[in-house]
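Topology and contacts: notes
Here is what each chain is made of, one letter per residue.
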Amino acid sequence: MTNNRIAKIERMTNETKVFVEIALDGEGKAVIDTGVPFMDHMLDLFTKHGLFNTTIKANGDTHIDDHHTTEDIGIVLGQAVKEALGDKKSIKRYGNAFVPMDDALAQVVIDISNRPHLEFRAQFPTQKVGNFDTELVHEFLWKFALEARMNVHVIVHYGTNTHHMIEAIFKALARAIDDAITKDERVKGVPSTKGLLT
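No experiment lies behind these values; they were computed from the predicted model shown.

Attention now goes to the packing of helix H1 (residues 37–50) against helix H4 (residues 162–181). Two packed helices can be described by the angle between their axes and the distance between those axes. At a minimum axis distance of 8 Å, the contact between H1 and H4 shows a crossing angle of 35°. Like other packed secondary-structure pairs, H1 and H4 cross with a definite hand, here right-handed. Along the contact surface, H1 presents Phe-38, Met-39, His-41, Met-42, Leu-45, Phe-46, His-49 and Gly-50, while H4 presents His-163, Ile-166, Glu-167, Phe-170, Lys-171, Leu-173, Ala-174, Arg-175, Ile-177 and Asp-178. Tallied by class, residues from the contact of H1 with H4 come to ten nonpolar, four polar and four charged.

With that out of the way, let us pick up the sheet that holds strand E1 (residues 6–12). Judged by pairing direction, the sheet is mixed, and its four strands sit side by side in the order E1-E2-E4-E3 without closing on themselves. At either end of the open sheet lies a strand with only one pairing partner, and these are E1 and strand E3 (29–33). Neighbour-to-neighbour, the strand axes of this sheet turn through a mean angle of 0°, independent of strand direction. Relative to strand E2 (residues 16–23), E1 is paired through seven bridges, and the arrangement is antiparallel. Paired with Lys-8 across the strands is Glu-21, a residue of E2. Of the strands in this sheet, E3 and strand E4 (53–60) touch H1, which is tilted by about 165° from E3. Against the sheet, helix H2 (residues 67–85) contacts E1, E2 and E4, and its axis sits at roughly 35° relative to E2.

We now examine the sheet that holds strand E10 (residues 151–158). One open sheet holds the four strands; their spatial order is E5-E6-E10-E7, and the pairing between them is mixed. Edge positions in the sheet fall to strand E5 (94–101) and strand E7 (117–121), since each of these pairs with one other strand and no more. Strand-to-strand twist in this sheet, taken as the mean axis angle between neighbours without regard to direction, amounts to 10°. In this structure, E7 lies alongside E10, joined through five bridges in parallel fashion. Across the sheet, the residue bridging to Phe-120 is Val-154, located in E10.

Before going further, it helps to spend a moment on the packing of aromatic side chains. If you walk through the whole model with that rule in mind, you get five aromatic pairs. Taking 4.9 Å as the distance between ring centres and 35° as the angle between the ring planes, the aromatic pair formed by Phe-38 and Phe-132 counts as tilted. Here Phe-132 lies in strand E9 (residues 132–133) and Phe-38 lies in helix H1, a separation of 94 residues in the sequence. Arranged with centres 6.2 Å apart and planes meeting at 70°, the rings of Phe-120 and Phe-124 form a pair that is edge-to-face. By way of ring pairs, the aromatic residues Phe-140, Phe-144 and Phe-170 are connected into one cluster.

So, how was this worked out
Residues numbered from 1 in each chain as written. Predicted model: local features only at pLDDT ≥ 70, side-chain atom pairs only at ≥ 80, totals over all residues. Heavy atoms only, no water. Axes fitted to C-alpha atoms, helices over the stretch in contact; angles between N-to-C directions. Helix = DSSP H or I, 4+ residues; strand = E, 2+ residues; numbered from the N terminus. Left-handed = near helix turned anticlockwise from the far one by under 90°. Contact = heavy atoms within 4.5 Å. Nonpolar A, V, L, I, M, F, W, Y, C, P; charged D, E, K, R; others polar. Pairing = 2+ DSSP bridges. Phe/Tyr/Trp six-rings, centres within 6.5 Å; stacked < 30°, edge-to-face > 60°.

Now the structure itself:
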């Protein structure tokens, strides 16, 4: 196991201050305080199911709404994952995970390709979970995919409870990433005929 895939990034704007530290080869330990309780919950699940170690802290203009904070967490987390991956040598590159959550079934498929793309196939029954706007799930995932420079395909096959559907997405994202970043000693260099994943 590689133990030095670690990154630490801070981003400050007039709207938010976000700090992310991530160790990709961790134990699922999380220290999270974003000012957006629902995102705290989702990022805790993400950390646990990806077996990462994370510190994610944010202070944003949540008195307006959660948009800027959620978006910027996606940006910084994506940047941190990309930086922590380093040269990507010997990684499996592709990851796929199905996660059921009671009534919901989510699938996430990723390609650590340096080609950012989000394909999002999910329709939530409600526009809010508590005070959290569910449209921000797409915003977070798109900014994460863009900054991590990954193909991220999200498919919620079915579900009736919005919370369960979103929770399954975050768990599946973490497990797909964990799958894709796993080292395979059979892979010499990077898994691309181009010879580059940068």
